[in-house]
Amino acid sequence: MTIEMDKDITNAEWEVMRVVWAQTEVPSQVIIDVLMDKRGWKEPTIKTLIGRLVKKGALKTRKEGRKFLYSTDIKEDALVNETLDHFFHNICSKDIGKTIGVLIDEAILSHEDVALLKEKLIQKEQVAYDTVPCNCVKGQCQCQCQRHG
Ligand SMILES: [Zn+2]
């Protein structure tokens, strides 16, 4: 699933999105309170972030009396998946396994999570390659330089 948005969202903007995801519709004051408290950001900074997200099409606004209410059509898991896709697209396919290993090392997991990962690995074993081919553009990856040079 691709998200209809003009640009990727930054880490700071992600903080705003989390507040909106936590409720269905939220006045700017709530976003400001949460992020002043969590990140120590100033009100104008937070308002700028909200404004950028509206411009990018990530947040919708509705006026109710004198205040603006913010909501989003973007699902949190969809944005997480898309961000991961972009991230993995930026590394050599040969390094993806190692990178997932690092993620597992650093993750705090429940027994249920571990069981899920085990199951996924058993399935992957059926379709695993002997060696993963490099998918990089020549000049962006060491393994291709070695192969061709
Ligand atoms: Zn490569």
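Residues numbered from 1 in each chain as written. Predicted model: local features only at pLDDT ≥ 70, side-chain atom pairs only at ≥ 80, totals over all residues. Heavy atoms only, no water.

**A word on the overall build of the protein chain**
Argument step 1. For the protein chain, the count of helices and strands is seven helices and three strands.
Argument step 2. In terms of overall dimensions, the protein chain is more spread out than a globule: its C-alpha atoms have a radius of gyration of 20 Å, far above the 15 Å expected for 149 residues.
Argument step 3. With the C-alpha coordinates of the protein chain rotated into their principal frame, the extents come out at 65 × 40 × 30 Å.
Argument step 4. Burial analysis of the protein chain (149 residues in total) assigns 28% to the buried set.
Argument step 5. Of the contacts formed within the protein chain by residues at least 6 apart in sequence, a portion of 57% connects residues at least 24 apart.
Argument step 6. Mean positive and mean negative side-chain charge positions of the protein chain (22 and 23 charges, respectively) differ by 7 Å. (Helix = DSSP H or I, 4+ residues; strand = E, 2+ residues; numbered from the N terminus. Rg over C-alpha atoms; globule rule 2.2 N^0.38 Å. Buried < 20%, exposed > 50% of the residue type's maximum accessible area, 1.4 Å probe, protein only. Contact = heavy atoms within 4.5 Å. Lys, Arg positive; Asp, Glu negative; His and termini not counted. Charge placed at Lys NZ, Arg CZ, Asp CG, Glu CD.)

**Considerations on the confidence of the model for the protein chain**
Argument step 1. Confidence along the protein chain averages 90 in pLDDT terms, with 91% of residues attaining 70 or more.
Argument step 2. Across the protein chain, element-level confidence peaks in helix H6 (residues 111-127) with a mean pLDDT of 97 and bottoms out in helix H7 (residues 142-148) with 63. (pLDDT = per-residue confidence, 0-100.)

**Remarks on a nonpolar patch on the surface**
Argument step 1. A cluster of nonpolar side chains, Ile100, Leu103, Ile104, Leu109, Val114 and Leu117, forms an exposed patch at the surface whose accessible area comes to about 440 Å².
Argument step 2. The set of elements that each furnish at least two residues to the nonpolar patch consists of helix H5 (96-106) and H6.
Argument step 3. Per-element tally for the nonpolar patch: the top contributor is H5, with three residues.
Argument step 4. Looking at the element boundaries, valine 114 is found in helix H6. (Patch = residues over 30% accessible without salt bridge, like charges linked within 9 Å, V, L, I, M, F, W, Y side chains within 5 Å. Areas by Shrake-Rupley, 256 points an atom, 1.4 Å probe, with all protein chains shown as cover. Salt bridge = Lys/Arg side-chain N within 4 Å of Asp/Glu carboxyl O.)

**Digging into the sheet that holds strand E3 (residues 67-71)**
Argument step 1. Spatial strand order, E1-E3-E2: three strands in an open sheet with antiparallel pairing. Only two strands of the sheet have a single partner each, and these edge strands are strand E1 (26-27) and strand E2 (60-64).
Argument step 2. Note that E1 and E3 share two bridges and pair antiparallel. Note on E3: the bridge partner recorded for proline 27 is leucine 69. (Pairing = 2+ DSSP bridges.)

**Here we look at the coordination of the zinc ion**
Argument step 1. Donor atoms from the polypeptide that bind the zinc ion are Cys92 (SG), Cys134 (SG), Cys136 (SG) and Cys141 (SG), placed at 2.2 to 2.5 Å.
Argument step 2. Coordination at the zinc ion is tetrahedral: its four donor atoms span angles of 100 to 120° at the metal.
Argument step 3. Coordination of the zinc ion draws on donor residues from a single chain, spaced C-x41-C-x1-C-x4-C in sequence. Of this pair, cysteine 92 sits in the loop between helix H4 (76-89) and H5 while cysteine 134 sits in the loop between H6 and H7; the two residues are 42 residues apart in sequence, bridging distant segments of the chain. (Donors = N, O, S within 2.8 Å, 3.2 Å for Na, K, Ca; no water. Tetrahedral: all angles 85-135°; square planar, octahedral: opposite > 155°, others 65-115°.)

**Things to note about the pairing of E2**
Argument step 1. Bridge count for E2 against E3 is five bridges, and the pairing is antiparallel. Bridge pairing links lysine 63 to phenylalanine 68 in E3.
Argument step 2. The loop that links E2 with its antiparallel partner E3 comprises two residues; one of these, glycine 65, has a positive phi angle of about 65°.

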